[in-house]
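Each chain, letter by letter, is given below.
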Amino acid sequence: MAEVKPRIISLGHAVADRLVMSMDEAVEYFGYTSGPVKGIARNMKVSGKHWWCDPKHRYSVQELTEDYESGALALSCEAISNCLQGYDLNNIGTFIYVSCTKLLDLTPGMAFKIAGRLGMRSDVRMDEPSGLGCQGALPGLETAYAHLMTWGEPVLVIACEICSATCFYDAPQEDLGNTISNLLFSDGASAALIAMSDNPGLPAIVDFHRFFSTDGERLLGYDIQDGRKKVRLSRDVRTKVPPMVAKTVKTLLDRNHLTTEDIANWCVHNGGATILDEMALALGLNSRKHFQYSWETLEKYGNLSSATVGVVAQKMHADPATRHGWILGAAMGAGAGVGAALLRYG
């Protein structure tokens, strides 16, 4: 067996099925009629939309918060069940919940409510980072790693997003940030269990790096409109964010005396078809070849925000041909910020 190291033991995900439709149906659902918007929808390469909330419903803030909570509970518990597959919850020492789509700072938080629903032990440590946007799963994994190395007990981390809670149905289709968000994002959750293990067939966690741009605050994030979160999505994301990803990845690789050629598997957030292509260009990679599982996830579900990377990782690990060598995980999010992780089989 290999050396005992902090490793990802198992992964699981769940996707909303309350409201499911094709991209063509979503365009019709929102009443988008302009040629340019229909062209944008086609170029997204997304086949299906998966929502928990109904964007047409005129929610009050209380109703939206309650629907977010019910969706987050349902999807998180399903993803965790798929991840653990009978693993004893009493072994888990820390539980981490990551989300950026909750409207209010719920107290007690979702980690508390999910732990209670699942019957976790009463002394489980909880953490609930927020405000990180689509990159949240990687800082979440970094926090999980820190807890594991500090306390020595297995850690469960979940990223759950109810993106439909941020849809604005009545906004004009010329509001392209909102229109793209309505069509691109879906709802889902992804969970990861990390623990010390000597199994070489499980990826060992090696290193992390983060980056944020003080000039990028208006690129990605949420504004508050009518008491609700509304996506802020600048046209400059496609040109400014991929170089940030490349810079973050290079710093992480340089610190570990590696180059992009040493990476066997890429697990990157699928911010959209254009973003995947621009990231590949910035990194000197082939988008369809190196980001295969990101593309598969995008085409099936769209962008699941912070839950995306976990779904990509699960798809990648399910393919026996990928279970070797170095893995590079990367995601961009609010701010604009970037999180990256380096892992290795063996």
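Reading the values: rules and limits
Residues numbered from 1 in each chain as written. Predicted model: local features only at pLDDT ≥ 70, side-chain atom pairs only at ≥ 80, totals over all residues. Heavy atoms only, no water. Helix = DSSP H or I, 4+ residues; strand = E, 2+ residues; numbered from the N terminus. Buried < 20%, exposed > 50% of the residue type's maximum accessible area, 1.4 Å probe, protein only. Contact = heavy atoms within 4.5 Å. Pairing = 2+ DSSP bridges. Salt bridge = Lys/Arg side-chain N within 4 Å of Asp/Glu carboxyl O. 1 Å grid on protein atoms, 1.4 Å probe; cavity = no way out; pocket = protein on both sides within 12 Å on 5 of 7 lines; lining within 4 Å. Points joined across faces, edges and corners; volume = space filled by probe spheres on them. Nonpolar A, V, L, I, M, F, W, Y, C, P; charged D, E, K, R; others polar. Core = buried A, V, L, I, M, F, W, Y, C linked by side-chain atoms within 4.5 Å. Axes fitted to C-alpha atoms, helices over the stretch in contact; angles between N-to-C directions. Parallel < 35°, antiparallel > 145°, perpendicular 65-115°, else oblique. Left-handed = near helix turned anticlockwise from the far one by under 90°. Phe/Tyr/Trp six-rings, centres within 6.5 Å; stacked < 30°, edge-to-face > 60°. Lys NZ or Arg CZ within 6 Å of the ring centre and 35° of its normal.

Visitor: Looking at this structure, how should I read the side chain of His-50?
Guide: As for its position among the elements, His-50 is in strand β3 (residues 48-51). Relative accessible area serves as the criterion here: at 15%, His-50 is assigned to the buried category. Each residue touching His-50, except ones within four places of it in the same chain, is listed here: Val-15, Ala-16, Leu-19, Val-20, Ser-186, Asp-187, Lys-300 and Tyr-301.

Visitor: So what exactly am I meant to see when it comes to the environment of Ile-92 here?
Guide: Positionally, Ile-92 belongs in the loop between α3 (61-84) and β4 (94-98). On a C-alpha basis, the gap between Ile-92 and Gly-133 in space is 26 Å, while along the polypeptide they are 41 residues apart. If we skip the residues at most four places from it in the chain, Ile-92 touches Leu-84, Tyr-87, Arg-121, Val-124, Pro-154, Leu-156 and Leu-193.

Visitor: Which parts of the structure should I look at to understand the pairing of strand β6 (residues 155-161)?
Guide: Taking burial as the measure, the seven residues of β6 include seven buried ones, the bulk of the element. The alternating pattern of β6 places Val-155, Val-157, Ala-159 and Glu-161 on one face and Leu-156, Ile-158 and Cys-160 on the opposite face, and all of these are buried. In terms of strand pairing, β4 meets β6 through five bridges, oriented parallel. Pairing of Tyr-97 across the sheet is with Ile-158, part of β6. Bridge count for β6 against strand β7 (residues 188-197) is seven bridges, and the pairing is antiparallel. Bridge pairing in β7 places Leu-156 opposite Leu-193.

Visitor: I would appreciate a short explanation of the pattern of salt bridges in the present structure.
Guide: Side chains that differ in charge, positive against negative, can pair when their charged atoms come close. Scanning the entire structure with this criterion turns up 14 salt bridges. A salt bridge links Arg-58 to Asp-170, with the nearest nitrogen and oxygen atoms 2.8 Å apart. Here Asp-170 lies in the loop between β6 and α6 (176-184) and Arg-58 lies in the loop between β3 and α3, a separation of 112 residues in the sequence. Put simply, Glu-153 and Arg-121 hold a salt bridge, and the shortest N to O gap is 2.8 Å. With Glu-153 in the loop between α5 (137-151) and β6 and Arg-121 in the loop between α4 (110-118) and β5 (125-127), the pair connects residues that are 32 residues apart, well separated along the chain. The network of salt bridges with common partners includes Arg-121, Asp-123, Arg-125 and Glu-153.

Visitor: What exactly am I supposed to notice about empty space enclosed by the protein here?
Guide: Under the definition given, this model contains three cavities of 30 Å³ or more. Looking at the largest cavity, its volume works out to about 310 Å³. Around the largest cavity, the lining comprises 23 residues; the ones closest to its centre are Ile-8, Leu-11, Leu-141, Val-309 and Ala-313. Looking at the lining of the largest cavity, the elements that each hand over two or more residues are β1 (5-15), α5, β6, β7, α11 (308-318), β12 (326-333) and β13 (337-344). The element that contributes the greatest number of residues to the lining of the largest cavity is α11, accounting for five residues. The residue inventory of the lining of the largest cavity, partitioned by class, reads 19 nonpolar, four polar and no charged.

Visitor: Sorry if this is basic, but what is going on with the nonpolar core here?
Guide: Soluble globular proteins tend to pack their nonpolar side chains together in the buried interior. In terms of nonpolar packing, the biggest core is built from 50 residues, with Leu-183, Trp-266, Phe-291 and Leu-328 touching the most fellow members. Looking at this core element by element, the count peaks at eight residues for helix α7 (residues 237-255). Ranked by size, the runner-up nonpolar core spans 35 residues in total, among them Leu-84, Leu-106, Ile-114 and Ala-191.

Visitor: Just checking my understanding: could you explain the packing of α7 against helix α8 (residues 273-283) for this structure?
Guide: Packed helix pairs are specified by the crossing angle of their axes together with the interaxial distance, meaning the distance between the axes. For the pair α7 and α8, interaxial distance at closest approach is 8 Å and the crossing angle is 45 degrees. As far as their axial angle goes, α8 and α7 are oblique. Seen from above, α7 lies across α8 with right-handed handedness. Taking contact as the criterion, the partners of Val-237, Arg-238, Pro-242, Pro-243, Val-245, Ala-246 and Val-249 in α7 are, on α8, Thr-274, Ile-275, Glu-278, Met-279, Ala-282 and Leu-283.

Visitor: In this structure, what is going on with the layout of surface pockets? I would like to understand it.
Guide: Space left empty within the atom packing is revealed by a probe, the size of a water molecule, rolled over the atoms. Taken as a whole, the largest pocket holds about 990 Å³ of empty space. Around the largest pocket, the lining comprises 41 residues; the ones closest to its centre are Ile-180, Leu-184, Leu-233, Val-237 and Gly-271. Elements with a contribution of two residues or more to the lining of the largest pocket: α2 (35-43), α6, β9 (220-225), β10 (228-233), α7, α8 and β12. Residue composition of the lining of the largest pocket, grouped by class: 18 nonpolar, 17 polar and six charged. In terms of lining, the second largest pocket is formed by 14 residues, of which the most central are Arg-58, Phe-168, Tyr-169, Asp-170 and Arg-228. Class assignment of the residues belonging to the lining of the second largest pocket gives a composition of six nonpolar, three polar and five charged.

Visitor: How do you make sense of the packing of aromatic side chains when you look at a structure like this?
Guide: Remark: the centre distance and the inter-plane angle together describe each pair of aromatic rings, the angle taken between the planes. As enumerated under the stated definition, the model contains eight aromatic pairs in all. Consider the rings of Tyr-29 and Phe-30, whose centres lie 5.1 Å apart with planes at 90 degrees: the pair is edge-to-face. Phe-30 shares its class with Tyr-29; the two are buried. Put simply, the rings of Tyr-29, Phe-30, Tyr-32, Trp-51 and Tyr-169 touch in pairs and so form one group of aromatic residues. The ring of Tyr-29 has Lys-56 lying over it, and the distance from NZ or CZ to the ring centre is 4.8 Å. One Lys or Arg, Arg-125, reaches over the ring of Trp-151 and ends 4.1 Å from the middle of that ring.

Interpretation in functional terms is not warranted from these geometric data alone.
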